[in-house]
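Chain and residue survey
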Amino acid sequence: MKRIGMLTSGGDCQALNAAMRGVVKTLFNSGEQVEIYGFLEGYRGLIYGNFQMLTSKDFSGILTKGGTILGSSRTPFKTIQDPDENGLDKVEAMKQNYYKLKLDVLVILGGNGTHKTANLLRTEGLNVVTLPKTIDNDLWGTDMTFGFQSAVNIATDCIDCIHTTAASHGRIFIVEIMGHKVGWLPLNAGMAGGADIILLPEIPYDIDKICEAIKIRHERGAGFTIIAVAEGAISKEKAAMSKKELKKLMENYPYPSVSYEVADEIKKKTGQDVRVTVPGHTQRGGSPCPYDRVFASRLGAEAGSLILKGEYGFMVGYRNREIVKVPLEDVAGKLKTLSPDAPIIKEAKLLGISFGD
Ligand code: F6P
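These notes cover the structure that comes with them. For every chain, the first residue of the written sequence is number 1, and numbering continues from 1 along that sequence. In keeping with the model being predicted, local features are shown solely for residues with a pLDDT of at least 70 and side-chain atom pairs are shown and tallied solely at 80 or more, while totals for entire chains, interfaces and linings include all residues. Side-chain calculation: all heavy atoms of the structure are included, whereas hydrogens and water are not.

**As for the overall build of the protein chain**
A tally of helices and strands in the protein chain yields 13 helices and eleven strands. Seen through its principal axes, the protein chain has C-alpha atoms that stretch 70 × 40 × 30 Å. Counting only residues that meet the buried cut, the protein chain has 52% of its 357 residues in that class. Contacts are assigned to residue pairs with any non-hydrogen atoms lying within 4.5 Å of each other. In the protein chain, of all internal contacts separated by at least 6 residues, the share reaching a separation of at least 24 is 73%. Roughly 15,800 Å² of accessible area belongs to the protein chain as shown, and the carbon and sulfur atoms make up 49% of that amount. The way it works is that DSSP assigns letters per residue, a run of H or I at least four long becomes a helix, a run of E at least two long becomes a strand, and they are numbered from the N terminus. Whether a residue is buried, partly exposed or exposed follows from its accessible area with a 1.4 Å probe, protein chains only, as a fraction of its type maximum: under 20%, in between, or over 50%, in that order. For the area figures, the Shrake-Rupley method with a 1.4 Å probe applies, and any residue is considered shielded solely by the protein chains shown.

**Regarding the packing of helix α5 (residues 148-169) against helix α6 (residues 184-192)**
Helices that pack against each other are described as a pair by the angle of their axes relative to one another and the distance between those axes. Lines are fitted to the C-alpha atoms to define the axes, a helix being fitted only along its stretch in contact, and any angle between axes, read from their N-to-C directions, falls within 0 to 180 degrees. Relative orientation of the contacting elements α5 and α6 amounts to 45°, with a least axis distance of 8 Å. The orientation of α5 relative to α6 falls into the category oblique. Crossing of α5 over α6 shows right-handed handedness. In this structure, α5 contributes F148, A151, V152, A155, T156 and I159 to the contact, and α6 contributes W184, L185, N188, A189, G190 and A192. Residues are grouped as follows: Ala, Val, Leu, Ile, Met, Phe, Trp, Tyr, Cys and Pro are nonpolar; Asp, Glu, Lys and Arg are charged; all remaining types, including Gly, are polar. Classifying every residue of the contact of α5 with α6 by side-chain character gives nine nonpolar, three polar and no charged. To sort the angles, those under 35 degrees are grouped as roughly parallel, those over 145 as roughly antiparallel, those from 65 to 115 as roughly perpendicular, and the leftovers as oblique. Two helices crossing with the near one rotated counterclockwise from the far one by less than a right angle form a left-handed crossing, whereas a clockwise rotation gives a right-handed crossing.

**Some details on the site of the ligand**
Whether a residue is near a molecule or strand depends on its heavy atoms: if one lies within 4 Å, it is near. As a matter of local geometry, the ligand sits amid G11, R74, I135, D136, M178, G179, H180, E231, H281 and R284. Side-chain atoms alone can form a polar contact between residues adjacent in sequence; in general such a contact is a pair of N or O atoms within 3.5 Å, and within protein one must be able to donate a hydrogen while the other accepts it. R74 is positioned such that a nitrogen or oxygen atom in its side chain is 2.8 Å from an oxygen atom of the ligand. A distance of 2.8 Å is found between an oxygen atom of the ligand and a side-chain nitrogen or oxygen belonging to R284. Here the ligand loses 75% of its free accessible area of 400 Å² to cover by the protein chains. Its residues assigned to classes, the shell around the ligand shows two nonpolar, four polar and four charged.

**Observations concerning the packing of α6 against helix α13 (residues 343-350)**
The interhelical angle for the contact between α6 and α13, taken along N-to-C directions, is 30°, at an axis separation of 12 Å. Compared by their axis directions, α6 and α13 come out roughly parallel. Here α6 and α13 pass one another in a crossing that is left-handed. Contact residues: L187, N188 and M191 in α6; I344, I345 and A348 in α13. Broken down by class, the residue content of the contact of α6 with α13 amounts to five nonpolar, one polar and no charged.

**Focus: a positive patch on the surface**
A surface patch of positive charge is lined by K78, K116, K181 and K243. Among the secondary structure elements, K78 is positioned in the loop between β3 (51-54) and α3 (90-100). For K78, a relative accessible area of 75% corresponds to the exposed category. Residues form patches when they are more than 30% accessible in relative terms and have no salt bridge. Like charges link within 9 Å. Nonpolar side chains (Val, Leu, Ile, Met, Phe, Trp, Tyr) link within 5 Å. Criterion for a salt bridge: a side-chain nitrogen of Lys or Arg within 4 Å of a carboxyl oxygen of Asp or Glu. The charge count includes Lys and Arg as positive and Asp and Glu as negative, but it does not include His or the ends of the chains. Taken as the charge location is NZ of Lys, CZ of Arg, CG of Asp or CD of Glu.

**Overview of helix α7 (residues 207-219)**
Its 13 residues give α7 an end-to-end C-alpha distance of 18 Å, which sits within 8% of 18 Å, the value for a rise of 1.5 Å per residue. Those residues of α7 not exposed but buried are I207, I210, C211, A213, I214 and R217. Each buried residue of α7 lies within a common arc of 155° when the element is viewed along its axis, so the set occupies one face. Across from the buried face of α7, at angles greater than 90 degrees, the exposed residues are K215 and E219. Contacts from the buried residues of α7 go to β6 (172-177), β7 (197-199), β8 (225-230) and α10 (258-270). By the N-cap criterion, in which a side-chain oxygen at the helix start approaches the backbone nitrogen of a residue two or three places on, α7 is capped by D206, the distance to D208 being 2.9 Å. G221 sits one or two residues past α7 and shows a positive phi near 100°. For a helix, the expected span equals 1.5 Å multiplied by the number of residues minus one. The arc in question is traced by the directions running from the helix axis to the C-beta atoms.

Below, the structure is given as structure tokens:
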């Protein structure tokens, strides 16, 4: 008999359900007796003992379903060791619930913050197996996270739609794409959607370089320009500031987000009209694309097989086209950032894409 606790934590994404289904199908198909305890709303469920017992039926028909059947929440790692508002020791509470239910392992699906807490629970003696989810694809130890390809598809569709209207009206359009710290999603969607300029958190921009790129396009006869801007895009001036200076400056920031600032500056410098589109959370929504369904199912199957072998303390990831197990201590606390010298950036520049640098 295996008693499995399961939770999904942090921002949701597509294929969370597909991944859980992969784990559960593998376990049930093995013939092993299995009990599944689904903790609701991420670590919150584990802290407060809020769970549901699930059967194989609960995982049927969810391969194509977006979101997560368990619900999710953000439980920041930086405060996980602080007592809650009633003085409860959250880490101790998670351990107690794990032991009370006599769990053999916790299956945790999440991104960066989630992995830090998962690793903490491992060091506290709990058996943990994790799966890498996030539309940002910024988790260290895996070349790919599930959710990413689905989000690339949605953000690309958005740029495609903007393309036709931008061309008809001869306008400059900005599409703001998710990614606060890391630009894998805006880079890939920007390239797939044929954006002319892509602004990423890793490559601080110079507004004059952006205007120059627009001018060159104009001179070549292109009547419109598409700019893909990461949520976390940053100007060279701001990137050069200390954390303290930047915090102070942002206290009176007059724009809803960086895209509106870039739009305003382009308008002032070129006199041209700029429109901003923000697909926002649509990028995390809807059903997973076929790639993510297959990918998450494979990861889930491997997680199930690790559990059957009693191999714990790993994230199931993907490296060099192979599904691998990566020790949790290697994953926790590290971001997979995009190097400005990465081949894909060089190739994008060869294609004539400007990064505003
Ligand atoms: O989960 C990742 C992510 O979607 C980021 O791309 C984005 O910056 C952030 O979450 C948005 O967070 P929230 O849903 O809490 O607003």
